[in-house]
Amino acid sequence: MTARPPTFPTSTVLGYPRIGPNRELKRALESYWDGRSTYQDLQGTGRRLREETWRRLDGLGLGALPSGTFSFYDQMLDTAVLLGAVPDRYRGGTDEEAYFAMARGAEGVTPLRMTKWFDTNYHYIVPEIGPDTSFRLDAAKPLSEVREAREHGLETRPVLIGPVTFLLLSQAAPSAPAEFAPLDRLADVLGVYEELLRELAAEGVEWVQLDEPALVTDRTSAELDAVRAAYGRLGSLPERPALFVASYFGDLGDALPALAATPVEAIGLDLVAGGLPGLYAATPGRPTDEAARPGEIPGKLLGKLLAGKTVVAGVVSGRDVWRTDQERALAALLALRDQAGPAAHVVVSTSCSLLHVPYDLDLEPGLDPDVRRRLAFADQKIAEVVELAALLAAAPAGQGTTPTGQGTTPAATRTAGPAPRPALEHASGHTLQPAPVRSPYAVRAAAQAEHLRLPPLPVTTIGSFPQTGELREARARLAAGELDEAAYDDLVRAEIARAVALQEGLGLDVLVHGEPERNDMVQYFAEHLDGFAVTRNGWVQSYGSRCTRPPILFGDVRRPEPITVRWARHAQSLTDKPVKGMLTGPVTIVAWSFVRDDIPLRDVVFQVADAIGDEVRDLEAAGVRVIQVDEPALRELMPLRREDQGAYLEWAVAAYRRATSGAGDHTQIHTHLCYSDADQIVGAIDALDADVTTIESARSGARILDEEAIGDFERGLGPGVYDIHSPRVPSTWEIEVALKAALRVLPADRVWVNPDCGLKTRTYEQVEAALTNLVAAARHLRGDQPS
Ligand SMILES: Nc1nc2c(c(=O)[nH]1)N[C@@H](CNc1ccc(C(=O)N[C@@H](CCC(=O)N[C@@H](CCC(=O)N[C@@H](CCC(=O)O)C(=O)O)C(=O)O)C(=O)O)cc1)CN2
Ligand code: MET
Ligand SMILES: [Zn+2]
């Protein structure tokens, strides 16, 4: 920058949802993918959604509007395209064909890996970078969005993934030598960012936001050097917009001084999940009066670090649906403004993008008014940001007190409105009773072998079968009162019979009922447990066109009556083969809900564990021989900083065992994890003490099967051999290759044959073809004659 940086308006948000208030983008994408509409139609929907978003944010009075937060699939994938990092195997067709082939696979090519975005339920596409990836700027998307907004008379700030996070979250191309890391390509990537910044400057763009959330996780000193180098270099470009580097999901720790020493004009801090010591530490599980942790910056130094910078203060949570305690947020802003000193400029913002919350509470008229009073969705949060900015501007300097714990509002009363919460059962010590202990695995394995009589390499699935349009429509009609309970139940029973008959016919060994009664594996349980509220339209994007409506856990959790037993009974009555009881685990139910923040997360999870434990006992009593308790979010809820991870894994595992340890030796407990980098938590998976674990591995190169990762894992393991997130049907040969890899590290009586996740997003046609090949591969490897 040559001249003084432009002033950053006093309020902004880091990002906004893009799926559409009524999931318009979801429908447009799926119709385009199915060939029911054209790419031009899809682009039209995109344009309309972007226009609506900008007008809405502007109408709410927000100071600075972001652009580029829209995506047809994912922002990491968009960044790969921006940098020209499209692997050769996806090229050859049109740009959009390449884009969606990377996201979803296409004829003859598997998609890029997809994995969890930090500790959220959003999933990103993992770019592939090799030593000879040739980077080349393709600035069409950021430029056209800036121009588009101008057509509506609005100036925007392009939002991009920063170069360091982009490379840290990318994977090495398969052909890269073992010692190669994508970050090795930083210098080349920076060249492309420089070119982009020049183009944006030429376009008249004043500010650019570069997201660097990877800096809130543990970083080596070499990586911090990369941060200094990257922003030193971008900062010294003569012709460029002002740079705003955003961090979120935690605190920057050592990365803050590194970043602050570079010429970037603005730094974004997440004061909800991270915070500065004594300022604002209201993240669930973190006491408000907690002292600074190692690596955190004592308040006094802040002024030096931030002198002359704009500080974008994320005080309104982008991760939960609670209203912000205005008094407390304002106190944090005032303290920050005083500590940062007169030479800094404080901007009010959300803690992260609003991508992770639903659009608008006004679309949710049916919520219990007592719960509703305490809620804020994206648009309400924007109003809070705008209001806080006005309050901050009106407050004279020197008002900032550094809260030390005394005088801060306890989290329980943080959310506005009269919100007395139910008496806390955990306070009575109820949830702290020790869980029963199961017999050693070897004893159980023998009892189960006797009870179940399964062949080697047993074939099973993860639980859900295709969710047909007919079922969804019936559920919608049931909710609207157009269909009665009995007719709906008949439909579900018929669908269960269909799934069971299909599995019997194909020759699977352990069957499932197919989960047709569930709208979602978390929401369904929330609907049947006390203490949760659910929404009609509170959709949040999970990946691509897929969304969930995270339930709102606001009170104490209890299971008033059995939830799944009648469906399990029905399914088992149709076959002699064992049918798995199917439950969602306590960690996952909590991870994929918006949860109360007035008691420690651990206590919330334990309450849910006890409710699921009741269901396990009832299923067993109903004669169910195999019970699966899914924990796909076990890895996701793990704290981002290593120092916090051990304690988390300990209580997460304890919660799982509370839920499952009531089962007798002869009952086989299964668990399932997906998109979880399972290889990183093999110890915890082992400690879950499930008899069988099925995991995602089709799309992550089966890393868990490395001799080193698997270590002395003692129990049954089903490495997913069919990537269900792609419409592709795997061949028998491919499946055999994957199984042989498992058989190199595990004995045949402990290897299971299964897809890598539930089949609900697939069609019956795809599923039938894939399961046929799965059974054929298992039989071939068992040495059976093909039937
Ligand atoms: N909560 C959660 N998180 C998860 C997963 C998961 O399964 N659940 N899986 C992993 C991957 N993420 C996923 C997230 C969503 C979906 C998914 O399939 N979602 C469905 C919606 C599921 C649902 O809630 N369905 C409801 C509502 C269906 C619906 O759209 N109804 C129509 C009306 C009915 C009609 O006429 O079609 C409407 O509301 O407009 C139901 O079946 O009842 C979708 O986006 O399409 C899959 C994977 C990780 N995180
Ligand atoms: C995201 S894990 C999904 C597990 C669930 N039992 C299913 O098959 O859909
Ligand atoms: Zn799964």
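Residues numbered from 1 in each chain as written. Chains lettered and ligands numbered in written order. Predicted model: local features only at pLDDT ≥ 70, side-chain atom pairs only at ≥ 80, totals over all residues. Heavy atoms only, no water.

**Focus: the overall build of the protein**
Next, step 1: Summing up its helical and strand segments, the protein has 25 helices and 21 strands in all.
Next, step 2: Counting only residues that meet the buried cut, the protein has 61% of its 787 residues in that class.
Next, step 3: Long-range contacts, defined here as pairs at least 24 residues apart, represent 79% of the contacts in the protein between residues at least 6 apart.
Next, step 4: Accessible area of the protein: about 29,000 Å², with a carbon and sulfur share of 51%. (Helix = DSSP H or I, 4+ residues; strand = E, 2+ residues; numbered from the N terminus. Buried < 20%, exposed > 50% of the residue type's maximum accessible area, 1.4 Å probe, protein only. Contact = heavy atoms within 4.5 Å. Areas by Shrake-Rupley, 256 points an atom, 1.4 Å probe, with all protein chains shown as cover.)

**Let's talk about the coordination of the zinc ion (ligand 3)**
Next, step 1: Here the zinc ion (ligand 3) is held by H672 (NE2), C674 (SG) and C757 (SG), and the distances to it run 2.0 to 2.4 Å.
Next, step 2: Around the zinc ion (ligand 3), the four donor atoms sit at angles spanning 99 to 127°, and that spread fits a shape best called tetrahedral.
Next, step 3: A residue is classified by how much of its surface remains accessible, and C757, at 16% relative accessible area, is buried. (Donors = N, O, S within 2.8 Å, 3.2 Å for Na, K, Ca; no water. Tetrahedral: all angles 85-135°; square planar, octahedral: opposite > 155°, others 65-115°.)

**Points about the pattern of salt bridges**
Next, step 1: In the structure shown here, the tally under the stated rule is 45 salt bridges.
Next, step 2: Taking the shortest distance from any N to any O, the salt bridge between D379 and R56 comes out at 2.0 Å. With D379 in helix α13 (residues 378-394) and R56 in helix α2 (residues 39-59), this residue pair connects regions lying 323 residues apart in the sequence.
Next, step 3: Note on R56: relative accessible area 30%, which makes it partly exposed.
Next, step 4: One connected set of salt bridges, linked through shared partners, spans R438, R444, R657, D686, D689, D691 and R715. (Salt bridge = Lys/Arg side-chain N within 4 Å of Asp/Glu carboxyl O.)

**Some words on unusual backbone geometry**
Next, step 1: In this structure, L457 is a non-glycine residue whose phi angle is positive, near 50°.
Next, step 2: What makes L457 buried here is its relative accessible area of 2%.
Next, step 3: Look at E515: it is not a glycine, yet its phi comes out positive at around 60°.
Next, step 4: Relative to the helices and strands, E515 is located in the loop between α16 (485-506) and α17 (523-527).

**Details of the sheet that holds strand β15 (residues 552-558)**
Next, step 1: Read from one edge of the open sheet, three strands run β12-β15-β17, paired in mixed fashion. The two strands at the open ends of the sheet, each matched to only one other strand, are β12 (530-533) and β17 (594-595).
Next, step 2: Both β15 and β17 contribute to a ladder of two bridges, which runs parallel. For L553, the partnering residue across the bridge sits in β17 and is V595.
Next, step 3: Contacts from helix α20 (residues 601-621) reach β15 and β17, with the element oriented near 55° to β15. (Pairing = 2+ DSSP bridges. Axes fitted to C-alpha atoms, helices over the stretch in contact; angles between N-to-C directions.)

**Focus on the side chain of D723**
Next, step 1: Relative to the elements of secondary structure, D723 occurs in the loop between β21 (716-719) and α24 (732-745).
Next, step 2: Within the local environment of D723, its side chain forms a polar contact with the backbone nitrogen of H725, the two atoms lying 3.0 Å apart. (Polar contact = N/O pair within 3.5 Å; in protein donor to acceptor, adjacent residues only side chain to side chain.)

**Some words on the site of ligand 1**
Next, step 1: Ligand 1 sits among 23 residues. The nearest are K26, N121, R475, D520 and K760.
Next, step 2: Taking K26, its side chain carries an N or O atom lying 2.5 Å from an oxygen atom of ligand 1.
Next, step 3: Elements with a minimum of two residues in the shell around ligand 1: α1 (24-33), α15 (469-479), β13 (540-543) and β14 (546-548).
Next, step 4: Of the residues forming the shell around ligand 1, the biggest block, four residues, is contributed by α15.
Next, step 5: Grouping the amino acids of the shell around ligand 1 by side-chain chemistry returns six nonpolar, seven polar and ten charged.
Next, step 6: Looking at which domains feed residues into the shell around ligand 1, each of domain 1 (18-60 + 69-121) and domain 2 (441-782) gives three or more. (Near = heavy atom within 4 Å. Nonpolar A, V, L, I, M, F, W, Y, C, P; charged D, E, K, R; others polar. Domains from an automatic or database assignment.)

**Regarding the packing of α20 against helix α21 (residues 642-660)**
Next, step 1: At a closest axis distance of 7 Å, the pairing of α20 and α21 adopts a crossing angle of 20°. By the angle class used here, α20 and α21 are roughly parallel. Taken as a pair, α20 and α21 cross one another with a handedness that is right-handed. Contacts between α20 and α21 involve L601, R602, V605, F606, A609, D610, I612, G613 and V616 from the first element and W651, A654, A655, R658 and A659 from the second.
Next, step 2: Tallied by class, the residues present in the contact of α20 with α21 amount to ten nonpolar, one polar and three charged. (Parallel < 35°, antiparallel > 145°, perpendicular 65-115°, else oblique. Left-handed = near helix turned anticlockwise from the far one by under 90°.)

**Digging into the nonpolar core**
Taken as a class, soluble globular proteins show a tendency for nonpolar side chains to be buried jointly.
Next, step 1: Formed by 144 residues in total, the largest nonpolar core has its most connected members in W117 and Y231.
Next, step 2: Looking at this core, the element that brings in the most residues is helix α7 (residues 186-202), giving eight residues.
Next, step 3: When residues of this core are sorted by domain, at least three fall in each of domain 1 (18-60 + 69-121) and domain 2 (441-782).
Next, step 4: Excluding residues within four positions of it along the chain, W117 makes contact with Q75, M76, Y122, H123, Y124, I161, L169, P213, Y248, F249 and H356.
Next, step 5: Counting residues in each nonpolar core, the second largest holds 100 residues, with L506, V590, L688 and L759 among its members. (Core = buried A, V, L, I, M, F, W, Y, C linked by side-chain atoms within 4.5 Å.)

**Observations regarding the sheet that holds strand β19 (residues 668-673)**
Next, step 1: On the basis of which strands lie adjacent, the open sheet formed by five strands has the order β16-β18-β19-β20-β21 and parallel pairing. Since the sheet does not close on itself, it has two edges, and those belong to β16 (580-584) and β21, each with one partner. In this sheet, neighbouring strand axes are inclined to one another by 20° on average, regardless of whether the strands run parallel or antiparallel.
Next, step 2: Relative to β19, strand β18 (residues 626-630) runs parallel, the two sharing three bridges. Bridge pairing in β19 places V626 opposite Q668.

**Notes on α7**
Next, step 1: In a regular helix each residue adds 1.5 Å, so 17 residues correspond to 24 Å; α7 covers 24 Å between its end C-alpha atoms and thus fits that length.
Next, step 2: The complete set of buried residues in α7 reads L186, V189, L190, V192, Y193, E194, L196, L197 and L200.
Next, step 3: Looking one or two residues past α7, G204 carries a phi angle of roughly 90°, positive in sign. (Expected span 1.5 Å × (residues − 1).)

**Some points on the site of ligand 2**
Next, step 1: The immediate surroundings of ligand 2 are formed by I462, G463, S464, E515, M521, M582, D630, P632, H672, C674, C757 and G758.
Next, step 2: Contact distances for ligand 2 include 3.1 Å between a nitrogen atom and a backbone N or O atom of I462.
Next, step 3: At 3.5 Å from an oxygen atom of ligand 2 is found a main-chain nitrogen or oxygen belonging to G463.
Next, step 4: Protein chains bury 93% of the 300 Å² of accessible surface belonging to ligand 2 in isolation.
Next, step 5: Classifying every residue of the shell around ligand 2 by side-chain character gives six nonpolar, four polar and two charged.

**Thoughts on the confidence of the model for the protein**
Next, step 1: Confidence in the prediction for the protein averages 91 pLDDT; 90% of positions are at 70 or higher.
Next, step 2: Taken as a whole, residues 277-290 scores under 50 in pLDDT and shows 40 contacts with residues more than four places along the chain or in a different chain. (pLDDT = per-residue confidence, 0-100.)

**Notes on the packing of aromatic side chains**
Next, step 1: If you walk through the whole model with that rule in mind, you get 17 aromatic pairs.
Next, step 2: Taken together, a centroid distance of 5.1 Å and an interplanar angle of 85° make the contact between Y99 and F100 edge-to-face.
Next, step 3: Of the residues examined, Y99 reaches a relative accessible area of 10% and is grouped as buried.
Next, step 4: Ring centres of W117 and F118 lie 4.9 Å apart, and the angle between their planes is 85°; this geometry places the pair in the edge-to-face category. A single burial state applies to W117 and to F118, both of which are buried.
Next, step 5: Connected via pairs of aromatic rings, a cluster forms that spans Y32, W33, Y39, F70, F72, Y73, Y99 and F100.
Next, step 6: A cation sits over an aromatic face here: R23 above W539, 3.6 Å from the ring centre.
Next, step 7: The side chain of R50 reaches across the aromatic face of F70, ending 4.8 Å from its centre. (Phe/Tyr/Trp six-rings, centres within 6.5 Å; stacked < 30°, edge-to-face > 60°. Lys NZ or Arg CZ within 6 Å of the ring centre and 35° of its normal.)

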